[in-house]
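Per-entry structural report
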Amino acid sequence: MDQPAIETRGLSHAYGTVVALHDVDLRIPPGRVGLVGANGAGKTTLIRILLGMLTPTRGAAEVFGLDTRTHELEVRARVGYMPEGNCLPPDQTAADFLIYAAALGGLPSRAARQRASDVLTLVGLEEERFRPLGGFSTGMKQRTKLAQAIVHDPELVFLDEPTAGLDPEGRDEMLELISRLGSFGIDVLVSSHVLGDIERTCDWVVMLEGGRVLRSGPLASLVDVDTVEIDLIDDPEPLMTVLAAAGAEVERSGTRLVVTADGKDPFLLVRDALADTGTGIRSMGPRSTSLEDVFLAVEGSR
Amino acid sequence: MTVRRGVVYDLGYVRYDGPRLGRRGAVTATVRDGVFRILGFRRKARHKILPFFLLALAVLPAVAFVGFSFLLSNFAPDAESPFGGHAEYFSLIGTTVLLFVALAAPELLIPDRRYGVLSVYSSRPLLPDDYVWARFGSLLAVLSLFLLVPQFLMYVGFSALTGETLMGELIARAGEIPKIVLTAAVYALAYAPPAFLVAAYAKRKAVASGVYLAVMLVGMGLVAGIVQATVLPGHRFAALAALIEHPNYVRDWIYGRSATQELIVSQAGFAPWVSAVMIVTVAGVSLLLVLRRYRRSM
């Protein structure tokens, strides 16, 4: 990894006696990064420290190589933030609020007006721009919150639970928008307790639990396609015997077998075993390990 | 025949590569938003009614005084004239200014906290102190409309009526300007910081306005009662809590007028400089407490 977008060293934070983050060491590359963890895992605390809003009890955090304790203004000039909670004044129109949010990000008045208009169009709120925010639905509010986070064109945007409270359609739209941010050249750190959302939008995952880092790495390395699932018509026993002899690990559930092979391609082993035994199959395909599987496995092993 | 068709280009997301104003731009935006918010701009018409009604109450008497002085050929803007002079005008609009501050300070601070907008400020190149000073600057900017505009209308109007030439009279009466500005600053410093303090801790705008007015107006009645009725030693020091009276006492000092015995602080035997010190102390402590509050919550 060249220059990491985010780096923390021995980062700890406590609210009184409650430890929110404990000795967190991270090196996160630019791109779309998912911060996964249950409620209270320390996701929001980590984001607030990265924004310079909280001073860590111990350790250090850097964004673009800038220490968030001593260079918080430089960091904030280059990032955006979509908070989990409400941040929208109900008596302002979407356009006015976005213009203000852009100006707060340091854009001159004329550029702020132009950017506000462009970004409202981008998030699909161009028709609603002159409506007061108090009358917006939850989905529209979430899109407005995302718009204020990117209206000043940051290099990195922190999204704290961006799909919270959204219906399935709204969630889809929000995840689509988040996925597109990467193509705009904006790095994203998105926190969520919904693993599926992270799988859909991110290419790097940080798993937090109880203020500690469980895993941090590329999504692809965590959710490998390394398993074959077969549904059999015939008796599974002969096939299981051959596979076991070939060094595969087989789990049986009725007529379904899940085959893994450490260091070998499970597809080739299954193909050969099927040919040897002449077993008939209904279906056969890869079984990907979901982020949820990884999370549960790592959590279970602790 | 060729039919010309328009072409729509999807430009997608366009990166911004223009100038960035950083902290200075963020502070300027916060001040401007504060001024707009107080005056009800960019909001529904009903939000504009009260501030502009109070502004009219503060400014229109000055216009009327100049007009009537012209009609009555009374060109002397001093205490002896039927309408009083610059010093008297500060008393005349004192309650209006107090009401305006009671409404404006909560409007500046409370909605940002109540609706979570502080988290937006916290993610921009703006420190908590910047936010507080910018909001306070908004209040002072609008207060200057109340305190200075009518005074300068009178200054220019009376100069136009009395002198041979307007410019000559403006120069001859230029000594009024420092007194006007200084007295306006005294009123602003006496009224605005306590209102800011209450608004920084109250959750509702109406509660903040009510508490502030109670402290400033009802509190004065209590203080007067204590000063006059109590026989306890040191009871006269209660007069120092009559916050609303200090600017009047200092104003008389600035204009070189003998202290009126109507003022409780004067009755209690304090010199005007004590009132000046009280104004500065209350303002300083109030603003420090507001800063402390926002350093913790932003």
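Please refer to the structure higher up on the page.
A short tour of the structure in this document, coming up. (Residues numbered from 1 in each chain as written. Chains lettered and ligands numbered in written order. Predicted model: local features only at pLDDT ≥ 70, side-chain atom pairs only at ≥ 80, totals over all residues. Heavy atoms only, no water.)

A few words on the sheet that holds strand E3 (residues 32–36) of chain A. All names here are of chain A. Reading across the sheet, the six strands line up as E6-E7-E8-E3-E9-E10 and stay open at both edges, with mixed pairing between neighbours. The open sheet is flanked by strand E6 (79–82) and strand E10 (212–218), the only strands paired with a single partner. Each strand axis lies, on average, 15° off the axis of its neighbour in the sheet, ignoring direction. Pairing analysis gives four bridges linking E3 to strand E9 (residues 204–209), with the strands arranged parallel. The partner of Val36 across the bridge, within E9, is Met207. (Pairing = 2+ DSSP bridges. Helix = DSSP H or I, 4+ residues; strand = E, 2+ residues; numbered from the N terminus. Axes fitted to C-alpha atoms, helices over the stretch in contact; angles between N-to-C directions.)

Backbone-to-backbone hydrogen bonds pair the strands of a sheet. The strands run either parallel or antiparallel. Residue and element names in this part refer to chain A. The antiparallel open sheet is built from four strands, whose spatial order is E12-E13-E11-E14. Of all the strands in the sheet, just strand E12 (249–253) and strand E14 (281–287) have a single pairing partner and so form its edges. Strand after strand, the sheet turns through a mean of 20° between neighbouring axes, direction not considered. Taken together, the six bridges between strand E11 (residues 227–232) and E14 define a ladder with antiparallel strand orientation. When the sheet's bridge partners are listed, Ile230 is paired in E14 with Met284. Seen against the sheet, helix H9 (residues 237–245) touches E11, E12 and strand E13 (256–260) and runs at an angle of roughly 160° to E12. (Contact = heavy atoms within 4.5 Å.)

All names here are of chain B. Nonpolar side chains collect at one region of the surface, where Leu60, Val63, Leu145, Val149 and Leu153 lie side by side and expose about 370 Å² of accessible area between them. For the nonpolar patch, the secondary structure elements donating two or more residues are helix H2 (46–72) and helix H6 (128–162). With three residues, H6 is the largest single contributor of residues to the nonpolar patch. On the secondary structure map, Leu145 appears in helix H6. A relative accessible area of 32% means that Leu145 is categorised as partly exposed. (Patch = residues over 30% accessible without salt bridge, like charges linked within 9 Å, V, L, I, M, F, W, Y side chains within 5 Å. Areas by Shrake-Rupley, 256 points an atom, 1.4 Å probe, with all protein chains shown as cover. Salt bridge = Lys/Arg side-chain N within 4 Å of Asp/Glu carboxyl O. Buried < 20%, exposed > 50% of the residue type's maximum accessible area, 1.4 Å probe, protein only.)

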